[in-house]
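Next come the chains, spelled out residue by residue.
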Amino acid sequence: MTVPWHGALRRGGMLVLEICAVAALYYGSAELGLLQQLVRGQVTPLWPPTGIAVASLLLRGPRIWPGITLGALLANFFLGPSYAALFLIVVGNTLAPLCSYALLHRAGFRPDLGRLYDALALIFLGAFTGTLISATAGSGTLVLTGALPTDRFWTTWWVWWTGDAMGVLVVTPVLLLLSGAHLPRNVPPSRWAEALLLLAATACIGVIDIGRTPLLFLGFPLLIWAAFRFRLAGAAPCALAVSTFAIIAAKHGEGPFAGHGLLTNMITLQAYNGSSALTALLVAAAVSERDRSQREIARACGHLAELVSKLSSTGDQQVRPPPQASEKEPRHHPG
């Protein structure tokens, strides 16, 4: 059966719109990321475009890869030292999320992050492994073109890699959450009050971090609380908020980042952001998996009880003696 040409045209138009949307999101998030750069150039402590690219591939499939390339081209066009360097950096920025997607797809990753396995896959395959390509391509290109001294390759590579990895760990879960989000119904007021209290507490901790009091560690109880009570819906936004406040504090050299050099601040910041994201994702996934296991056990127990009840009733019918004739009933004699 042939497909009508207008149907194929409509699907092609939708694909073009998706590609343009991904490119726009990539470019817009790149501009926001560059506002918080701690290292001059294209390297930032958290690179949101990589997280957006990985989430887009997981949600819409590999067919939207031109949007990633277009967005990377727009984001790096005025930053690249030459057209050759621009080409290599854009290729690395495109291949890195595609590699992350391929690894996650092959591993059977589920975008709902409802299993501990999914959280670990996103961490080690999506964030830590796939982003090696963009960091190597970008840092190597800057060295080969003379835009970066050779002795600064590993420092730039490390910052580039951790920035891309943080983008996947912090931004991708938020987008995966929003893709399947819906307004909950019949939620008790106490639940809403708890969520608002958690959000307010996270904001207060962020203000303290930007101030002169180094209280970064207070974010971890809030992350655990959010992940335990609200699963991914609480863990992902809180991890993003905590990381954002920490980056702002590091940029202005305030709180725990005051009085230290750039490298020390970068190590502290990335260690904190990574630990926050890992804690939130792993706790939320573990609690979700526990809830699912409990539901499956309850369902299995219900089926087992129903089966036992049926077998018991069948057995009673089989062993029950047949009714005997009453002595009061008249007896019929032959003849």
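Quantities reported herein were computed from a predicted structural model and do not represent experimental measurements.

Comments concerning helix α7 (residues 153-179)
- Here α7 contains 27 residues, and its C-alpha end-to-end distance of 38 Å stays within 8% of the 39 Å for a straight helix at 1.5 Å per residue.
- Along α7, the sharpest kink reaches roughly 30°, centred on Val 171 and followed within four residues by the proline Pro 173.

Some thoughts on the packing of helix α2 (residues 48-60) against α7
- At a minimum axis separation of 7 Å, α2 and α7 run at an interaxial angle of 45°. Comparing the axis directions of α2 and α7 gives the class oblique. Here α2 and α7 pass one another in a crossing that is right-handed. Along its contact with α2, which presents Pro 48, Thr 50, Gly 51, Ile 52, Val 54, Ala 55, Leu 58 and Leu 59, the element α7 presents Asp 164, Gly 167, Val 168, Val 171, Thr 172, Leu 175, Leu 176 and Ser 179.
- Within the contact of α2 with α7, the residues separate by chemical class into 10 nonpolar, 5 polar and 1 charged.

Focus on the packing of aromatic side chains
- For the structure shown, the criterion picks out 6 aromatic pairs.
- Measuring from centroid to centroid gives 5.7 Å for Trp 157 and Trp 161, while their planes differ by 15°, and the two rings are stacked. Here the residue Trp 157 and the residue Trp 161 both occupy positions in helix α7, the gap between them amounting to 4 residues, near one helical turn. Like Trp 157, the residue Trp 161 is buried in the burial classification.
- Here the aromatic cluster, defined as three or more aromatic residues joined through ring pairs, consists of Phe 124, Phe 128, Phe 153, Trp 154, Trp 157 and Trp 161.

Here's the deal with the side chain of Thr 131
- For Thr 131, the position within the fold is in the loop between α5 (116-129) and α6 (132-144).
- Within the structure, the side chain of Thr 131 is placed 2.4 Å from the backbone oxygen of Ala 127, a separation counted as a polar contact.
- Here Thr 131 is in contact with Thr 50, Ala 96, Ser 100, Gly 126, Trp 161, Asp 164, Ala 165 and Val 168, once residues within four sequence places are set aside.

Some words on helix α10 (residues 232-251)
- Taking 1.5 Å of rise per residue, the 20 residues of α10 would be expected to cover 28 Å, and the 28 Å separating its terminal C-alpha atoms lies within 8% of that figure.
- Within α10, the full set of buried residues consists of Leu 232, Gly 234, Ala 235, Ala 236, Cys 238, Ala 239, Val 242, Ser 243, Ala 246, Ile 247, Ala 249 and Ala 250.

Looking at the packing of helix α4 (residues 83-106) against α5
- Two numbers describe how α4 lies on α5: the axes approach to 8 Å, and their chain directions differ by 155°. Judged by the inter-axis angle, α4 sits roughly antiparallel to α5. In the packing of α4 onto α5, the handedness of the crossing is right-handed. Counted together, Ser 100, Leu 103 and Leu 104 of α4 and Ala 121, Leu 122, Leu 125, Gly 126 and Thr 129 of α5 form the full contact between these two elements.
- Tallied by class, the residues present in the contact of α4 with α5 amount to 5 nonpolar, 3 polar and no charged.

Here we look at the confidence of the model for the chain
- Overall, the prediction assigns the chain a mean pLDDT of 82, with 84% of residues at 70 or greater.
- Of all the helices and strands in the chain, helix α8 (residues 189-210) carries the lowest mean pLDDT, 76, while α2 carries the highest, 94.

Details of the environment of Ser 56
- On the secondary structure map, Ser 56 appears in helix α2.
- It is 9.7 Å that separates the C-alpha atoms of Ser 56 and Ile 19, two residues lying 37 residues apart in sequence.
- The contact partners of Ser 56, leaving out residues within four places of it in the chain, are Val 22, Gly 61 and Ile 64.

Describing a nonpolar patch on the surface
- A grouping of Tyr 27, Leu 70, Leu 73, Leu 74, Phe 77, Phe 78 and Tyr 83 is seen on the molecular surface, where their side chains present a nonpolar patch of about 750 Å² in accessible area.
- By the secondary structure assignment, Leu 74 is in helix α3 (residues 65-76).

Some words on the pattern of salt bridges
- Taken as a whole and assessed by the stated rule, the structure comprises 7 salt bridges.
- For Glu 18, the salt bridge is made with Arg 63, and the minimal N-O distance between the two is 3.3 Å. Here the residue Glu 18 occupies a position in helix α1 (residues 5-35), and Arg 63 occupies one in the loop between α2 and α3, the gap between them amounting to 45 residues.
- On the basis of relative accessible area, Glu 18 is assigned to the buried category, the value being 16%.

Digging into unusual backbone geometry
- Phi is positive for Leu 113, close to 50°, though the residue is something other than glycine.
- The backbone of Arg 231 shows a phi angle near 60°, a positive value even though the residue is not glycine.
- Inspection of the secondary structure puts Arg 231 in the loop between α9 (219-230) and α10.
- Taking relative accessible area as the criterion, Arg 231 reaches 23% and is therefore assigned partly exposed.

What counts, and where the lines are drawn
- Within each chain, residues carry numbers counting from 1 in the order of the written sequence.
- Local features in a predicted model are, by the rule used here, given only for residues with pLDDT of at least 70; side-chain atom pairs are given and counted only at 80 or more, and totals for whole chains, interfaces and linings are based on all residues.
- Side-chain measures were taken over the full set of non-hydrogen atoms in the model, leaving aside hydrogen atoms and water.
- Secondary structure elements are taken from DSSP: a helix is a run of H or I of four residues or more, a strand is a run of E of two residues or more, and numbering for both begins at the N terminus.
- For a helix, the expected span equals 1.5 Å multiplied by the number of residues minus one.
- Bend at a residue means the angle formed by two fitted axes: the first through the 7 residues ending at that position, the second through the 7 residues beginning there.
- Helix axes are fitted to C-alpha atoms over the stretch in contact, other axes to C-alpha atoms as well, and angles between N-to-C directions run from 0 to 180 degrees.
- Working definition: roughly parallel below 35 degrees, roughly antiparallel above 145 degrees, roughly perpendicular at 65 to 115 degrees, and oblique for all remaining angles.
- Left-handed is the label given to a crossing in which the near helix is rotated counterclockwise from the far helix by less than a right angle, and right-handed is the label when the rotation is clockwise.
- It only takes one pair of heavy atoms within 4.5 Å for two residues to be counted as in contact.
- By the convention adopted, Pro, Cys, Tyr, Trp, Phe, Met, Ile, Leu, Val and Ala count as nonpolar, Lys, Arg, Asp and Glu as charged, and the other residues, Gly among them, as polar.
- Think of it this way: a Phe, Tyr or Trp ring, Trp meaning its six-membered ring, pairs with another when their centres are within 6.5 Å, and the plane angle makes it stacked under 30 degrees, edge-to-face over 60, tilted otherwise.
- Three labels apply to residues, based on accessible area from a 1.4 Å probe with only protein chains included: buried if under 20% of the type maximum, exposed if over 50%, partly exposed otherwise in between.
- Contacts described as polar in this section are N or O atom pairs within 3.5 Å, which, within protein, must combine one atom able to donate a hydrogen with one able to accept it, while residues neighboring in sequence count only if both atoms come from side chains.
- pLDDT measures the predictor's confidence residue by residue and takes values from 0 up to 100.
- What goes into a patch is any residue over 30% in relative accessible area without a salt bridge, connected to like charges within 9 Å or, for nonpolar side chains (Val, Leu, Ile, Met, Phe, Trp, Tyr), within 5 Å.
- Here the Shrake-Rupley method, with its probe set to 1.4 Å, supplies the accessible areas, and only the displayed protein chains count as covering residues.
- The salt bridge criterion pairs a side-chain nitrogen of Lys or Arg with a carboxyl oxygen of Asp or Glu, the two atoms within 4 Å.

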